[in-house]
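Here is what each chain is made of, one letter per residue.
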Amino acid sequence: DINAYLAEYSNREIMGAIFADSQFAQQYLRREEVGKLIDKTLKGSETYGWQIWSLYLCSLASRQLQRPDSASSLNVMQNGEHASK
């Protein structure tokens, strides 16, 4: 289970990793509810580790797509061309 890996971090650190510079997280996630998931997981009363990890990955992907140089790569991929061309 992924909860053991999250135990090394505080709620604040995990929230920062999910919400910092992420339009996705700021637009689509409720900070208070995500904080509750993290608290419950860190306290061991619930196990939302995989959900938290998924939110982090979505946020990370959002940040990558926000980068100016990623827009051209995305267009290439959507047109069915290889990025190496």
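Residues numbered from 1 in each chain as written. Predicted model: local features only at pLDDT ≥ 70, side-chain atom pairs only at ≥ 80, totals over all residues. Heavy atoms only, no water.

A.B. asks: Mind showing me how you'd approach the pattern of salt bridges here?
C.D. replies: Close approach of charged atoms allows side chains of opposite charge to pair. Evaluation of the coordinates by the stated rule reveals three salt bridges. Close ionic contact of E33 with R30 constitutes a salt bridge, the shortest N to O distance being 3.7 Å. You can call E33 partly exposed: its relative accessible area is 31%. The class for R30 is exposed, based on a relative accessible area of 59%. A salt bridge links K36 to E33, with the shortest nitrogen-to-oxygen separation between them at 3.3 Å. Highlighted residues: K36 and E33, both in helix α4 (residues 31-43), separated by three residues, approximately one helical turn. Relative accessible area serves as the criterion here: at 38%, K36 is assigned to the partly exposed category. (Salt bridge = Lys/Arg side-chain N within 4 Å of Asp/Glu carboxyl O. Buried < 20%, exposed > 50% of the residue type's maximum accessible area, 1.4 Å probe, protein only. Helix = DSSP H or I, 4+ residues; strand = E, 2+ residues; numbered from the N terminus.)

A.B. asks: Sorry, what's going on with helix α5 (residues 49-66) here?
C.D. replies: Along an α-helix, a turn takes 3.6 residues, which lines up residues three or four apart on a common side. With 18 residues, α5 extends 26 Å between its outermost C-alpha atoms, agreeing within 8% with the 26 Å of an ideal straight helix rising 1.5 Å per residue. Among all positions in α5, only G49, I52, L55, S59, S62 and R63 are buried. Along the long axis of α5, the arc covered by the buried residues comes to 150°, so they all point the same way. Residues of α5 that are exposed and angled more than 90 degrees away from the buried face: W50 and L65. (Expected span 1.5 Å × (residues − 1). Arc of directions from axis to C-beta.)

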